[in-house]
Amino acid sequence: MKSKKVVYLDNAATTPVDQNVLEKMIPFFREKFGNPITHLYSFLGQEALNAIEDARSKTANLINAHPNQIVFTSSGTEANNMVIKGVAFKKGKGHIIVSKIEHHSVLHPVESLKEFGFDVTYIDVDSKGFIDINQVEDSIKNDTILISIMHANNEIGTIQPMEEVVRIAKEHGIPVHTDAVQSVGHINVDVKELDVDFLSVSAHKFNGPKSAGYLYIKDKSLIMPLIEGGAQEEGLRAATHNVPGIVGLGEASYIAQKELNSEIERLKTLKDYMYNSLVSNLSDVFLNGPLEDRLPQNLNVTIKGILNQTFLVELNKRGVIGGGGSACASTEKEPSHVLKAIGLSNEDANSSIRFSFGKYTEKEDIDYALDIIIDTVKKLRSMGN
Ligand code: PLP
């Protein structure tokens, strides 16, 4: 029986593990199962330690960091929690600046900190999702301890002017964090150019394994550990290393670095092609997010007259997997906070779909998906939803 074709256009939610990444990981589940912390007396431990240090170098290379600035975590979520709570715990009190369109793994920790007396300012964004840079400057107080602005938005792909944020923050001696979970592995991210103090990354967004990520830290004295216990990661992040996961993260970083430039061009072409095809075949389709300074793999559109949840379920039945915004928010009924922040009405936010591409997306997949998408929109519109 011929299996049904599936076109996966939800790579911002997660990506399949690259075959070469998987092959590098597999030995570390069984024959190379050592615990790196036992390296002083165990050759198995030494082998595992060598593997994570090799992964640390590859990981650091991709963002032009020094290997000892990489602290492995279980995820992008943990990296975000680690920096926000870690800086807050270190300082004890103070004011934090974030944007209104951060991922929930930034917004929820700062909400919690408010209950402990921390003060938070939420920066507005314009209709394309760019932060109001003047508002960042005007919001700074004597006791501002951290500015956390995401590098690229997961829903609408907007890439923020981090250099400007850093310039302003430096004038006031305030550290800057950026959540780069959606950008690392997809566009050029250079921590020396960005000059941020902290940067969060997650492997599963660029063909690495799930539950493997890291926080880049320029100056480790600025932060308290979130997870305490053993001496792993210089005591900044205790717990036995996820060796296969870290090996996979390292290999995914190495591969992404090699493929980056060609993938940027290829995915941008695919995205433009899909957007132009949607607009020329359907009325009332609008792009969310900017044309320039946008992740090449992200297309987010409002398709008037459809309800995104119904639409996604219908597409899914026909083998096309799109996304409704933040994967983590997919059980929430509220319209996306990102689309609301760029000024969309509830109705338009609930009629918006994110298509996100990856290294396995080909033009023929887009053509196949377009036929189904266009047909489904017409059917739903004729039924009144
Ligand atoms: N930050 C952004 C911008 C994301 O898109 C995501 C995941 O969707 C995360 C953080 C969380 O990363 P992880 O899935 O590794 O916890």
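Residues numbered from 1 in each chain as written. Predicted model: local features only at pLDDT ≥ 70, side-chain atom pairs only at ≥ 80, totals over all residues. Heavy atoms only, no water.

Just checking my understanding: could you explain the nonpolar core for this structure?
Nonpolar side chains tend to gather and get buried jointly when the protein is soluble and globular. Ranked by size, the top nonpolar core spans 62 residues in total, and within it I63, I147, V184, L199 and Y214 carry the most contacts. In this structure L199 touches I63, H177, T178, A180, V184, V189, V191, L194, Y214, L215 and Y216, once residues within four positions along its chain are discounted. Grouped together as the second largest cluster of nonpolar side chains are 29 residues, V285, V301, V320 and I366 included. (Core = buried A, V, L, I, M, F, W, Y, C linked by side-chain atoms within 4.5 Å. Buried < 20%, exposed > 50% of the residue type's maximum accessible area, 1.4 Å probe, protein only. Contact = heavy atoms within 4.5 Å.)

Sorry if this is basic, but what is going on with the packing of helix α9 (residues 308-317) against helix α12 (residues 363-383) here?
If you want to describe how two helices pack, look at the angle between their axes and the distance between the axes. Interhelical geometry of α9 versus α12 gives an angle of 130 degrees and a closest axis separation of 10 Å. With respect to α12, the axis of α9 lies oblique. Taken as a pair, α9 and α12 cross one another with a handedness that is right-handed. Here T310, F311, E314 and L315 of α9 come into contact with α12, specifically with I372, I373, T376, V377 and L380. (Axes fitted to C-alpha atoms, helices over the stretch in contact; angles between N-to-C directions. Helix = DSSP H or I, 4+ residues; strand = E, 2+ residues; numbered from the N terminus. Parallel < 35°, antiparallel > 145°, perpendicular 65-115°, else oblique. Left-handed = near helix turned anticlockwise from the far one by under 90°.)

So what exactly am I meant to see when it comes to the pattern of salt bridges here?
A side chain with one charge may pair with a side chain of the opposite charge, provided their charged atoms come close. Taken as a whole, this structure holds 26 salt bridges when the rule is applied. Ionic pairing is found between K114 and E111, a salt bridge with its closest N-O pair at 3.2 Å. Taken together, the positions of K114 and E111, both in helix α4 (residues 104-115) and 3 residues apart, correspond to about one turn of that helix. Relative accessible area serves as the criterion here: at 37%, E111 is assigned to the partly exposed category. The partner of E362 in a salt bridge is R266, with the nearest N and O atoms 3.8 Å apart. Residue E362 is located in the loop between β12 (352-356) and α12, and its partner R266 is located in helix α8 (residues 243-281); the two are separated by 96 residues in the primary sequence. The partly exposed category is assigned to E362, whose relative accessible area is 41%. A cluster of three or more residues bridged by salt bridges with shared partners is formed by K170, D195, D197 and K218. (Salt bridge = Lys/Arg side-chain N within 4 Å of Asp/Glu carboxyl O.)

This is a description of form; function is not addressed.
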